[in-house]
Amino acid sequence: MPYRLAVRDISFLERPVTFARPFRFGAVVINATPQAFVRVEIEVEGEGRATGASAEFLVPKWFDKRPPLSPEETVTELRRSLLIARDIYLSHSTFDTAFGLHAACIGAQIEACAREDIPPLAATYGPAEIDKAILDALLRSAGVNFFAGMSDNIAGVDARLSRDLGDEDVARFLASRKRLERVAIRHTVGMDDGIEGDGGVADQKENASARYFKLKLNGDPAHDADRLIRIGRELATLPYDYRVTLDANEQYADLVALGALVERLDRDAALRPIAAKLLYIEQPMPRDITRQSPLGALARRDFIVDEADDSYDAFPIARALGYRGISSKSCKGIYKSVINAARAVKWSANGEKSFIAGEDLTCQAGLAVQQDLALGALIGVTHAERNGHHYVDGFGDTPAAEAEAFLAAHPDLYVRDGDKIRLAIHDGDLLTGSLTAPGFATSVHPDWSTMQPLAQPATRIPLEKAV
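Residues numbered from 1 in each chain as written. Predicted model: local features only at pLDDT ≥ 70, side-chain atom pairs only at ≥ 80, totals over all residues. Heavy atoms only, no water.

**Focus on the overall build of the protein chain**
What counts, and what does not: Secondary structure elements are defined from DSSP: runs of H or I of at least 4 residues count as helices, runs of E of at least 2 residues count as strands, and each element is numbered from the N terminus. Between the two quantities, the radius of gyration covers C-alpha atoms and the globule rule is 2.2 Å times the number of residues to the power 0.38. Partly exposed residues are those whose accessible area sits between 20% and 50% of the maximum for their type, while under 20% is buried and over 50% is exposed, using a 1.4 Å probe and protein chains only. The criterion used for residue contact is that any of the two residues' heavy atoms lie within 4.5 Å. The Shrake-Rupley method, run with a 1.4 Å probe, gives the accessible areas here. Residue values count only the displayed protein chains as cover. Neither His nor the chain ends is counted toward charge; the positive residues are Lys and Arg and the negative residues Asp and Glu. A single reference atom marks each charge: NZ on Lys, CZ on Arg, CG on Asp, CD on Glu.
A tally of helices and strands in the protein chain yields 17 helices and 15 strands. In terms of overall dimensions, the protein chain is globule-like: its C-alpha atoms have a radius of gyration of 21 Å, near the 23 Å expected for 467 residues. The dimensions of the protein chain, computed from C-alpha atoms along their principal axes, are 65 × 50 × 50 Å. For the protein chain, buried positions account for 61% of its 467 residues. Intrachain contacts of the protein chain at a sequence separation of at least 6 include 76% that bridge at least 24 residues. Carbon and sulfur atoms make up 51% of the accessible area of the protein chain, which totals about 16900 Å². Put simply, the protein chain has 54 plus and 67 minus side-chain charges, and the middle of one group is 3 Å from the middle of the other.

So this is what it looks like as structure tokens:
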């Protein structure tokens with residue numbers, strides 16, 4: 001039987017992180033951003049108290065891309081999402097399963113955030129981070145690792161939030177899970193990243209010998225095609241095979257523009273080094289336009305949604321529009337990833353191509369990358385975008401003693417490189433063996449004494465009332 005618990009305390013802290021190089025995706029360039037940390041204390045029924053933790057960047061202009069909002073205002077939304085979620089979770093003082101608590105709170109969270117003009121994707125950020133920390137505490141209390149605990153459904157995940165599945169579908173999926181021992185990295189090529197020569201996409205010192213590449217698009221078919229031709233020439237020089245994905249981050253205005261790019265991919269011989277290796281195209285159009293635009297003939301290529309994944313119904317809706325996949329990101333919710341993976345397995349068993357992909361919103365070394373990596377290794381993501389090691393210099397601004405503690409606890413996942421500790425990439429793969437310690441994919445917690453309390457944002461004023 002799943003364990004029952006009650007949350008007794010939730011605290012938020014943050015730490016600034018400076019990037020080693022600019023990261024440009026869509027219309028935003030990130031040079032630095034805070035990393036939020038969550039610490040929870042739970043009481044497990046009949047077992048006593050335990051502490052858990054999680055971490056995630058407060059990434060600007062991704063969860064909410066509305067043009068009138070500044071990058072700082074969108075970070076404020078994420079802080080508000082955390083604070084609103086804390087109040088809602090703490091208001092549930094009775095014992096429940098970890099998933100039961102999530103299910104009881106998520107609707108109220110969406111409604112409370114909507115009153116402050118915070119859209120659903122940003123609204124789910126708070127519960128996503130709190131849920132990870134709760135699960136860490138629960139697994140530590142039980143003395144089991146993430147993979148064994150989830151296979152036994154320690155969190156009590158069921159189908160109450162996914163009307164297209166039954167409880168037996170979820171239980172069967174979780175019981176079938178086996179940890180992937182290796183997960184290949186997918187190297188991100190941002191819009192400002194070099195293409196040719198030293199430091200370019202084929203430079204193995206730069207791409208960490210990755211066999212998978214995620215190429216960002218800017219929404220202009222001609223510009224994107226020309227850039228992809230340049231990238232394709234470079235990737236064709238690699239001494240090994242490779243695969244690519246494309247990510248537009250909502251920059252294609254409509255199906256007409258998207259169709260122009262797909263037509264080039266289908267017919268332009270100069271694009272063959274990309275087109276022949278293309279696995280899927282990610283979130284090409286804005287999330288609102290996506291929901292109104294069946295792909296039609298364009299579905300001859302595989303497409304997935306990412307920013308449009310803002311509810312438990314998002315995958316079935318996207319499927320009806322011709323999309324074959326959806327992204328897993330722990331910042332969007334671990335339980336939603338599990339449910340979507342169960343859907344993909346069920347639909348695929350009926351002869352339909354359906355899959356879940358691993359994407360990364362710059363997961364930083366330590367808690368964030370470990371928990372997201374473990375989630376993918378559980379649900380069957382064989383390769384995942386991993387860009388925290390590329391855009392941040394090792395552990396970045398993390399205190400040296402904390403980085404050393406993570407290296408000692410997870411020696412297969414980190415490596416010493418001079419005076420830096422970095423992610424250890426083995427022939428293009430990350431190893432998951434040390435993620436089997438009791439807890440959610442970590443043997444250690446960060447040094448809380450080196451952080452600042454989460455900045456306290458004011459209540460958001462809805463845009464229509466602010467103008």
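Next comes the rest of the description.
**A closer look at the layout of surface pockets**
What counts here: The method works on a 1 Å grid over the protein atoms by themselves. A cavity is a set of points holding a 1.4 Å probe that cannot get out, a pocket is an open set with protein on both sides within 12 Å along at least five of seven lines, and residues with an atom within 4 Å of a point line them. Grid points are joined across faces, edges and corners, and a volume is the space filled by probe spheres set on the points. In the scheme used here, Gly and all other residues not listed as nonpolar or charged are polar, with Ala, Val, Leu, Ile, Met, Phe, Trp, Tyr, Cys and Pro taken as nonpolar and Asp, Glu, Lys and Arg as charged.
Looking at the largest pocket, its volume works out to about 420 Å³. When contributions to the lining of the largest pocket are tallied by element, the ones reaching two or more residues are strand S1 (5-25), helix H7 (204-207), helix H15 (388-391) and strand S13 (420-423). For the lining of the largest pocket, the leading source of residues is H15, giving three residues. Taken together, the residues of the lining of the largest pocket break down into ten nonpolar, six polar and seven charged.

**Comments concerning the sheet that holds strand S3 (residues 48-57)**
To keep things clear, this is the line we draw: In this scheme, strands are said to pair when DSSP sees at least two bridges between them. All axes are obtained by fitting lines to C-alpha atoms, using only the stretch in contact for helices, and the reported angles, taken between N-to-C directions, cover 0 to 180 degrees.
Read from one edge of the open sheet, four strands run S3-S2-S1-S15, paired in antiparallel fashion. In this open sheet, the two strands that pair with only one neighbour each are S3 and strand S15 (452-453). Of the strand pairs in this sheet, S1 and strand S2 (residues 28-44) are connected by 16 bridges, and their pairing is antiparallel. Bridge assignment links Val17 to a residue of S2, and that residue is Thr33. Docked against the sheet, helix H1 (residues 71-90) engages S1 and S2, running at close to 165° with respect to S1. Helix H4 (residues 125-142) rests against S1, S2 and S3 of the sheet, and its axis sits at about 140° to S3.

**Quick look at the packing of aromatic side chains**
What counts, and what does not: Here a Phe, Tyr or Trp ring, Trp counted by its six-membered ring, pairs with any other such ring whose centre lies within 6.5 Å, and the pair is stacked when the planes are under 30 degrees apart, edge-to-face when over 60, and tilted otherwise.
What the rule picks out here adds up to 14 aromatic pairs. Residues Phe146 and Phe147 carry aromatic rings whose centres are separated by 5.4 Å and whose planes lie at 70° to one another, so their mutual orientation is edge-to-face. Exposure class is identical for Phe146 and Phe147. Each is buried. Between Phe303 and Tyr323, the ring centres sit 6.2 Å apart and the planes meet at 75°, which makes this aromatic pair edge-to-face. Of this pair, Phe303 sits in strand S8 (residues 303-305) while Tyr323 sits in the loop between helix H12 (314-320) and strand S9 (325-328), and the two are 20 residues apart along the sequence.

**Looking at the side chain of Asn153**
Turning to its location among the elements, Asn153 is positioned in the loop between helix H5 (146-151) and helix H6 (167-175). The contacts of Asn153, once residues within four sequence positions are left out, are Pro2 and Leu174.

**Topic: the pattern of salt bridges**
Heads up, the rule is: Salt bridges are defined as contacts in which a side-chain nitrogen from Lys or Arg sits within 4 Å of a carboxyl oxygen from Asp or Glu.
Within this structure, the stated rule accounts for 54 salt bridges. Note that Arg24 is salt-bridged to Asp192, the shortest N-O span being 2.8 Å. Residue Arg24 is located in strand S1, and its partner Asp192 is located in the loop between strand S4 (182-189) and H7; the two are separated by 168 residues in the primary sequence. Arg24 sits in the partly exposed class, given a relative accessible area of 26%. Salt bridges linked by common partners bring Arg186, Lys214, Lys216, Asp247, Glu282, Glu359 and Glu385 together as one network.

**Describing unusual backbone geometry**
The phi dihedral of Asn153 falls on the positive side, at around 55°, and the residue is not glycine. For Asn153, a relative accessible area of 15% translates into the label buried. One non-glycine residue, Ala208, adopts positive backbone phi at about 55°. Here Ala208 shows up in the loop between H7 and strand S5 (212-216).

**Re the environment of Thr97**
Condition: Here a polar contact means two N or O atoms within 3.5 Å. Within protein one must be a hydrogen donor candidate and the other an acceptor candidate, and residues neighboring in sequence count only if both atoms are side-chain atoms.
Mapped onto the secondary structure, Thr97 falls in the loop between H1 and helix H2 (98-115). With 58 residues separating them along the chain, Thr97 and Ala155 place their C-alpha atoms 5.8 Å apart. Excluding anything up to four places from it in sequence, Thr97 contacts Pro2, Tyr3, Arg4, Ala155 and Gly156. Polar contacts involving the side chain of Thr97 include one to the main-chain amide nitrogen of Gly100, which spans 2.7 Å.

**Considering the packing of helix H8 (residues 221-235) against helix H9 (residues 255-267)**
Heads up, the condition is: By definition in this entry, angles of less than 35 degrees are roughly parallel, angles greater than 145 are roughly antiparallel, angles of 65 to 115 are roughly perpendicular, and the rest are oblique. Here a crossing is called left-handed whenever its near helix is offset anticlockwise from the far helix by less than a right angle, and right-handed whenever the offset is clockwise.
Between H8 and H9, whose axes approach to 9 Å, the crossing angle comes to 30°. Judged by the inter-axis angle, H8 sits roughly parallel to H9. The chirality of how H8 crosses H9 is right-handed. When H8 is examined against H9, the residues Pro221, Ala222, Asp224, Ala225, Asp226 and Ile229 are found in contact with a partner set consisting of Ala257, Ala260, Leu261 and Arg264.

**Some details on the pairing of S3**
Across the ten residues that make up S3, a large majority, seven, are buried. Across ten bridges, S2 lies against S3 in antiparallel orientation. Within S3, the position partnered with Arg39 by the bridge is Ala53. Two successive antiparallel strands, S2 and S3, enclose a turn made up of three residues, where Gly46 displays a positive phi of approximately 80°.

**Here we look at the nonpolar core**
Note the threshold: For our purposes a nonpolar core is just a set of buried Ala, Val, Leu, Ile, Met, Phe, Trp, Tyr and Cys residues, chained together by side-chain atoms within 4.5 Å.
In this structure, Ile42, Ile134, Leu135, Phe146 and Tyr414 are the most contacted members of the largest nonpolar core, which totals 149 residues. Leaving out residues up to four positions away in the same chain, Leu135 has contacts with Phe146, Met150, Ile154, Ala155, Ile334, Tyr335 and Phe440.

**Quick look at the packing of H2 against H4**
It is at 11 Å that the axes of H2 and H4 come closest, and there the two elements cross at 165°. In terms of their interaxial angle, H2 and H4 are classed as roughly antiparallel. Considering how the two elements wind past one another, H2 and H4 form a crossing that is right-handed. Here Ala98, Leu101, His102, Ile106 and Gln109 of H2 lie close against H4, whose contacting residues are Pro127, Asp131, Ile134 and Leu138. Of the residues that constitute the contact of H2 with H4, the class distribution is six nonpolar, two polar and one charged.

Nothing here speaks to function; it is all geometry.
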